[in-house]
Amino acid sequence: MTNLDQLTVSRNNQLVQSSYELSLDESRVMELAIAKIKFGEDAPATIDITAHEYGKVFSIDSSNVYRQLNKAAERLYERSIELLNFKGEESKRKFRIVQMCDYFPAEGKISLSFSDGIRPYLKIMKEKGNYTTYRLHQTKMLSSAHSIRLFGLLMQVKTIGKINISLEDLKQAFAVQDKYSTWGAFERRVIKPSVEALTEQTNYEVKYKAIKKGRPVVSIEFTFKVKDQLSFDYYNESQLNA
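Residues numbered from 1 in each chain as written. Predicted model: local features only at pLDDT ≥ 70, side-chain atom pairs only at ≥ 80, totals over all residues. Heavy atoms only, no water.

1. Concerning the overall build of the chain
Okay, so step 1: Within the chain, the secondary structure is distributed over eight helices and ten strands.
Okay, so step 2: Since a compact globule built from 242 residues should have a radius of gyration of about 18 Å, the 18 Å found for the chain is in line with a globular shape.
Okay, so step 3: Overall size of the chain, expressed as C-alpha extent along the three principal axes, is 60 × 40 × 40 Å.
Okay, so step 4: Every one of the 242 residues in the chain was classed for burial, and the buried ones make up 48%.
Okay, so step 5: Put simply, of all contacts in the chain between residues at least 6 apart along the chain, 64% involve residues at least 24 apart.
Okay, so step 6: Of the accessible surface of the chain, which amounts to about 12600 Å², a share of 46% is contributed by carbon and sulfur atoms.
Okay, so step 7: Each charge class in the chain can be summarised by its mean position, and for the 36 positive and 30 negative side chains these summaries are 4 Å apart. (Helix = DSSP H or I, 4+ residues; strand = E, 2+ residues; numbered from the N terminus. Rg over C-alpha atoms; globule rule 2.2 N^0.38 Å. Buried < 20%, exposed > 50% of the residue type's maximum accessible area, 1.4 Å probe, protein only. Contact = heavy atoms within 4.5 Å. Areas by Shrake-Rupley, 256 points an atom, 1.4 Å probe, with all protein chains shown as cover. Lys, Arg positive; Asp, Glu negative; His and termini not counted. Charge placed at Lys NZ, Arg CZ, Asp CG, Glu CD.)

See the structure below:
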């Protein structure tokens, strides 16, 4: 039986840096499905997620878990991902996240198949080193898709604790490039609440600073550090993908 606390989310950094929009439940389903892929192996033809394990991982009440899982299954099939600069500057590739997603109410589960487009980015080759990995339980308390998204972006550099991302790339990563025309609106609706959530609901203290070129904001610098070293050491890097 799988120890849900030990599940690890691993994916190629190009996927981490890609552009996509998901709801909270869709994000959680995707995270849990990725965590069920064995490190270094191809994604299974189908991946099952039961309402019981979904509720247990994300601390969802049994009265709501079936509805939330069903809603995620209904919408996930329509979602797509856009890889940015995958073959040189300004190149893009777009594909569906899943090619099948079924909900079985009598069995209390969903079954999904990742698309052929995304599957190569879910098979992690450790020797290449171009991947991001973290324990699924680290995001279980996050209550917005944006905060989960930001957590993944920061985990690319978790050994450094610092990353600078251009404002344009950050908006694309959150798939809000056409939604917030000003830095003030983007900061207020996306960045500030996401940073606050990570600090309050994960084992990291996160800060950010807007970098300007003249008057306009051109990039955001994030810095972060572990708050509770003892808790962090229990699930440290050496134990991941063991």
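2. Structural notes on the packing of aromatic side chains
Okay, so step 1: Across all of its chains, the model carries nine aromatic pairs by this definition.
Okay, so step 2: Ring geometry for F95 and Y121: centres 6.4 Å apart, planes at 10 degrees, overall stacked. With F95 in strand β4 (residues 92-96) and Y121 in the loop between β6 (109-114) and β7 (131-135), the pair connects residues that are 26 residues apart, well separated along the chain.
Okay, so step 3: On the basis of relative accessible area, F95 is assigned to the buried category, the value being 10%.
Okay, so step 4: Where Y134 meets F151, the ring centres are 5.1 Å apart and the plane angle is 85 degrees; that geometry is what we call edge-to-face. Highlighted residues: Y134 in strand β7 and F151 in helix α5 (residues 145-155), separated in sequence by 17 residues.
Okay, so step 5: Positioned above the aromatic ring of Y77, the side-chain terminus of R96 is 4.3 Å from the ring centre. (Phe/Tyr/Trp six-rings, centres within 6.5 Å; stacked < 30°, edge-to-face > 60°. Lys NZ or Arg CZ within 6 Å of the ring centre and 35° of its normal.)

3. Focus: the nonpolar core
Okay, so step 1: One finds L112, F114, F186 and F222 to be the most contacted residues of the largest nonpolar core, which totals 71 residues.
Okay, so step 2: The dominant element in this core, judged by the number of residues it contributes, is helix α7 (residues 183-201), at eight residues.
Okay, so step 3: If we ignore the near neighbours within four places in the chain, the residues touching F186 are L167, L170, K171, F174, V176, Y180 and I191. (Core = buried A, V, L, I, M, F, W, Y, C linked by side-chain atoms within 4.5 Å.)

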